[in-house]
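# Fold and geometry: a report
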Amino acid sequence: MSAARTTYREAVRAAIRAALLDDERVFLMGEDVGSYGGCFGVSKGLLEEFGPERIRDTPLSESGFTGAGIGAALGGMRPIVEIMTVNFSLLALDQIVNSAATIRHMSDGQFSVPLVIRMATGAGRQLAAQHSHSLESFYAHVPGIRVVAPATLEDARGMLPAALADPDPVVIFEHTSLYNLEGELAEDAGAVDLDRAAIRRPGRDVTLVTHGGSLAKTLAAAATLAEEGIEAEVIDLRSLRPLDDATIIASVSRTRRAVMVDEGWRTMSLAAELVTRIVEQAFYELDAPLARVCTAEVPIPYPAHLEQAALPSADKIVAAARRLTGG
Amino acid sequence: MSRADTELPGREEGLQLLRGMQRIRRFEDRAAELYSAMKIRGFLHLYNGQEAVAVGVLQALHEDDAVVATYREHGHALAAGLPMGEVMAELYGREQGSSGGRGGSMHIFDAEHRFYGGQAIVAGGLPLAVGLALADQMQHRPRVTACFFGEGAAAEGEFHEALNLAALWTLPVLFVCENNLYAMGTALGRSQAETDIHARAGGYGIESTALDGMDVVAVAAAARAAVTGIREDGKPRFLECHTYRFRAHSMFDAQLYRPREEIEAWKKRCPIMGLRQRLLAAELATEADFAALEQDIEAEVEAAVAFAEAGSWEPVEQLASHVMTEREA
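Values in this document were obtained by computation on a predicted structure and should not be read as measured data.

### Things to note about the side chain of Ser132(A)
Position of Ser132(A) relative to the elements: it lies in the loop between β5 (116-121) and α7 (136-140). Not counting the four nearest positions on each side in its chain, Ser132(A) is found in contact with Asn87(A), Gly122(A), Ala123(A), Leu127(A), Glu263(A), Ile300(A) and Glu307(A).

As structure tokens, this is what we get:
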């Protein structure tokens, strides 16, 4: 099987392009997806190929166009709604939580909402406190939607078609630090499963559970730990709702120690939910307290040194793992 | 527009409009009784006084057109053709209800009638209607989506976002503002700087009409004209229907915010009484016709109540079904 050099950005674009070619019901809409080419350049060139009906620039109306996406999905289309960042998505939270997530259950299954919402998340680019947050847990809290976070080229390429094939609303979080990620991607790469977490590095001494933009930091931490003789197992959650308990619990039951690495804030976080599930399901397998490496409880600051101090880092992950393993 | 300006339809159509309104009125009065009897719980928002809007607008739609309504939507559901028994069973929370009992009074859904709720976030339905119309446009289906909301919705951002999108993208939406003067207990003039809602729609370049929402003949004529226009050019239209709710906002409302005299004055403009008087005056119908109609409706409403009473509760084991689409293991 041949592979080609590509980036995460190009992989998402290839996924959108393939979906547009495959299914005439698919269209992309959002702020600056057309003429501008997407605020992160994801949809560059698609307007020229598919035209303004299917690469649809919207006004700055997050709630309006997200709601329109829900309505279009109810009307038989397969919309991909792009919201520039998770911070802006709060303006559409009403439609996502009150409409997209409820209509199927509330209508007793008469209507479903086959909508895909993509949005950028995360810090690291000195964009300060209104463009940098990681609010995945807001969405992962809500029954009625599926939440995924592609952290690899394969998932950037494969989660979108899988989400489009899903009859329910799917929110895809793309961490801004990943768009320039480069690597090899199989030329026939396509849909992937959306259900299972992936073990990105096997290990026997401690489990590091992470997702999205924190995967690279966590793998770097695991490499450092390996030099010290600590073999860390790295789990990439991939799906934030539903969570793949089986993979997490099986891993922790082998390693007996776990650190949650989550760019969200610690309080009421995805990390908190993971800790709870491990305690509920594997308490007697544990040899050490569980640990969390999260973002400091501050709005993300602008200066690079403060921003980096606020975020999870490989060093912080290494330190947490050492504490658990007595290293 | 005064009543004298609207041409009375013939006997058959006149009685049809009357029947539509009277079904709703009787249904709502019965629902209020059943609420007091604790058969219906939760919020119950009754449509008494506003019947001319739902009946007048929905008679202009075709079977495959879509409806998006609000939490005060029993009237729209009935006027859209949903079986009355299923609507009543929904109020009861029975699994035979329109939404399987899961939505209750505020969330009536019916796929067969393209009835998309029952949306209880004020103005939340407008973007959905825009999206339904966008789907029709993109799939080249000559359909109309009617979207009902109150004047309170005009203060929400989604109202403006949705009107802008519908005008910008030339979408076949019929926006119907039921201006009953109060957003729950807050009078329009106390909450919105510009109280002429239809003028605000005009600000988005949408062809917009204000009319007497207590006159079903006027509403029906305006709706027909608007729907015809939408089918011709695909552009959205906006109707502001001046109306009034005769009952409280919900069953928990002591109505401290509006004078009794105001309510009584509006009740004199009752759309049902108004049409009856006009039909009598024009000798298109008789008291005997009205009595026969009332008898029919009474039987239909009681059959609906009986249907709801005989309904069953959804098994608790199904609590989580339809949160997500069930998938093959």
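### Thoughts on the sheet that holds strand β4 (residues 78-85) of chain A
All names here are of chain A. A sheet is described by the order of its strands in space; here 7 strands give the open sequence β3-β2-β4-β5-β7-β6-β12, paired in mixed fashion. Here the strands that pair on one side only, and so sit at the sheet edges, are β3 (55-57) and β12 (239-241). Taking each pair of neighbouring strands and ignoring which way they run, the sheet shows an average axis angle of 25 degrees. Note that strand β6 (residues 146-148) and strand β7 (residues 170-175) share 3 bridges and pair parallel. Bridge assignment links Val-148 to a residue of β7, and that residue is Ile-172.

### Observations concerning the layout of surface pockets
Put simply, the largest pocket is a space of about 470 Å³. Taken together, 22 residues form the lining of the largest pocket, with Ser137(A), His141(A), Met268(A), Ser269(A) and Leu270(A) sitting closest to its centre. Contributing elements (two or more residues each) for the lining of the largest pocket: α7, β12, β13 (258-265) and α11 (270-282) of chain A. Residues of the lining of the largest pocket, tallied by class, amount to 10 nonpolar, 7 polar and 5 charged. Counting contributing residues per domain, the lining of the largest pocket is built from domain 1 (3-186) and domain 2 (198-325) of chain A, each supplying no fewer than three. Lining the second largest pocket are 27 residues, and of these Thr70(B), Tyr71(B), Val122(B), Phe149(B) and Gly150(B) lie nearest its centre.

### Focus: the interface of chain B and chain A
Reports often express the size of an interface as the amount of accessible area lost when the parts come together. Between chain B and chain A, the residue contacts involve 40 residues of the former and 44 residues of the latter. Around 3300 Å² of area is buried between chain B and chain A when both sides are counted, 61% of it from carbon and sulfur atoms. Ranking the residues of chain B by area buried against chain A places Met138(B), His322(B) and Met324(B) at the top, with a combined share of 17%. Across the contact surface, chain B and chain A share 4 salt bridges. A salt bridge links Arg104(A) to Glu326(B), with the shortest nitrogen-to-oxygen separation between them at 3.7 Å. Elements that contribute at least two residues to the side of chain B that touches chain A include exactly β2 (109-110), β3 (115-119), α5 (125-138) and α6 (157-168) of chain B. Examining the composition of the side of chain B that touches chain A, we find that 9 residues originate from one element, α5(B), more than from any other. Of the residues assigned to the side of chain B that touches chain A, the class counts are 18 nonpolar, 14 polar and 8 charged.

### Re the packing of helix α3 (residues 62-74) of chain A against α5(B)
Across the interface, α3(A) lies against α5(B) with an axial gap of 6 Å and an inter-helix angle of 50 degrees. Classified by the angle their axes make, α3(A) and α5(B) are oblique. For the element pair α3(A) and α5(B), the recorded crossing hand is right-handed. Judged by residue contacts, Ser63(A), Gly64(A), Gly67(A), Ala68(A), Ile70(A), Gly71(A), Ala72(A) and Leu74(A) of α3(A) engage Pro127(B), Leu128(B), Val130(B), Gly131(B), Leu132(B) and Ala135(B) from α5(B). Considered class by class, the residues forming the contact of α3(A) with α5(B) number 9 nonpolar, 5 polar and no charged.

### What to know about the pairing of β3(B)
Residues in a regular strand project their side chains so that they alternate between the two faces of the sheet. Residues and elements named next belong to chain B. With 5 of its 5 residues buried, β3 lies for the most part within the structure. Bridge count for strand β1 (residues 66-70) against β3 is 3 bridges, and the pairing is parallel. Across the sheet, residue Val-67 finds its bridge partner in β3, namely Phe-115. Pairing analysis gives 2 bridges linking β2 to β3, with the strands arranged antiparallel. In the sheet register, Asp-110 faces β3, and the bridge partner there is Phe-115. The turn linking β2 back onto β3 is made up of 4 residues, and Arg-114 within it adopts a positive phi angle of 50 degrees.

### So, the sheet that holds strand β9 (residues 237-242) of chain B
All names here are of chain B. Pairing is mixed in the open sheet, where 7 strands are placed in the order β2-β3-β1-β4-β5-β9-β8. Edge positions in the sheet fall to β2 and β8 (207-212), since each has one partner strand and no second. In the sheet, strand β4 (residues 145-150) pairs with strand β5 (residues 173-179) via 6 bridges, with the strands oriented parallel. From the neighbouring strand, Cys-147 faces β5, where its bridge partner is Phe-175.

### Here we look at the pattern of salt bridges
Residue and element names in this part refer to chain A. The full count for this structure, using the stated rule, is 44 salt bridges over all chains. Arg-204 is the salt-bridge partner of Asp-205, the closest N and O atoms lying 3.6 Å from each other. Each of the salt bridges in this network shares a partner with another, and the network as a whole consists of Asp-155, Asp-193, Arg-200, Asp-236 and Arg-238.

### Description of the domain arrangement of chain A
All names here are of chain A. Domain assignment breaks chain A into domain 1 (3-186) and domain 2 (198-325). A straight line from the C-alpha centre of domain 1 to that of domain 2 covers 26 Å. Counting residues at the interface gives 31 residues for domain 1 and 26 residues for domain 2. Here domain 1 meets domain 2 over a buried area of about 2100 Å², counting both sides, of which 56% is carbon and sulfur. Between the two partners, domain 1 and domain 2, sit 2 salt bridges. Residue Arg-200 pairs with Asp-155 through a salt bridge whose shortest N-O separation is 3.2 Å. Along the contact surface separating domain 1 from domain 2 lie 16 residue pairs in polar contact (both at pLDDT 80 or more).

### Details of α11(A)
Residue and element names in this part refer to chain A. An ideal rise of 1.5 Å per residue puts 18 Å on 13 residues; α11 measures up with 18 Å between its terminal C-alpha atoms. Along α11, the positions that sit buried rather than exposed are Leu-270, Ala-271, Leu-274, Val-275, Ile-278 and Ala-282. With its buried residues spanning 140 degrees around the axis, α11 presents them on a single face. Of the residues flanking the start of α11, the one acting as N-cap is Ser-269, its side-chain oxygen 3.3 Å from the backbone nitrogen of Ala-271.

### Here's the deal with the packing of helix α2 (residues 51-58) of chain B against helix α9 (residues 216-233) of chain B
Residue and element names in this part refer to chain B. It is the contact of α2 with α9, at a shortest axis distance of 7 Å, that shows an interaxial angle of 35 degrees. The crossing of α2 and α9 is right-handed. When α2 is examined against α9, the residues Ala-52, Val-53, Val-55, Gly-56 and Val-57 are found in contact with a partner set consisting of Val-216, Val-219, Ala-220 and Ala-223. Residue composition of the contact of α2 with α9, grouped by class: 8 nonpolar, 1 polar and no charged.

Parameters and conventions
- Residues numbered from 1 in each chain as written.
- Chains lettered and ligands numbered in written order.
- Predicted model: local features only at pLDDT ≥ 70, side-chain atom pairs only at ≥ 80, totals over all residues.
- Heavy atoms only, no water.
- Helix = DSSP H or I, 4+ residues; strand = E, 2+ residues; numbered from the N terminus.
- Contact = heavy atoms within 4.5 Å.
- Pairing = 2+ DSSP bridges.
- Axes fitted to C-alpha atoms, helices over the stretch in contact; angles between N-to-C directions.
- 1 Å grid on protein atoms, 1.4 Å probe; cavity = no way out; pocket = protein on both sides within 12 Å on 5 of 7 lines; lining within 4 Å.
- Points joined across faces, edges and corners; volume = space filled by probe spheres on them.
- Nonpolar A, V, L, I, M, F, W, Y, C, P; charged D, E, K, R; others polar.
- Domains from an automatic or database assignment.
- Buried area = accessible area lost by both parts, 1.4 Å probe.
- Salt bridge = Lys/Arg side-chain N within 4 Å of Asp/Glu carboxyl O.
- Parallel < 35°, antiparallel > 145°, perpendicular 65-115°, else oblique.
- Left-handed = near helix turned anticlockwise from the far one by under 90°.
- Buried < 20%, exposed > 50% of the residue type's maximum accessible area, 1.4 Å probe, protein only.
- Polar contact = N/O pair within 3.5 Å; in protein donor to acceptor, adjacent residues only side chain to side chain.
- Expected span 1.5 Å × (residues − 1).
- Arc of directions from axis to C-beta.

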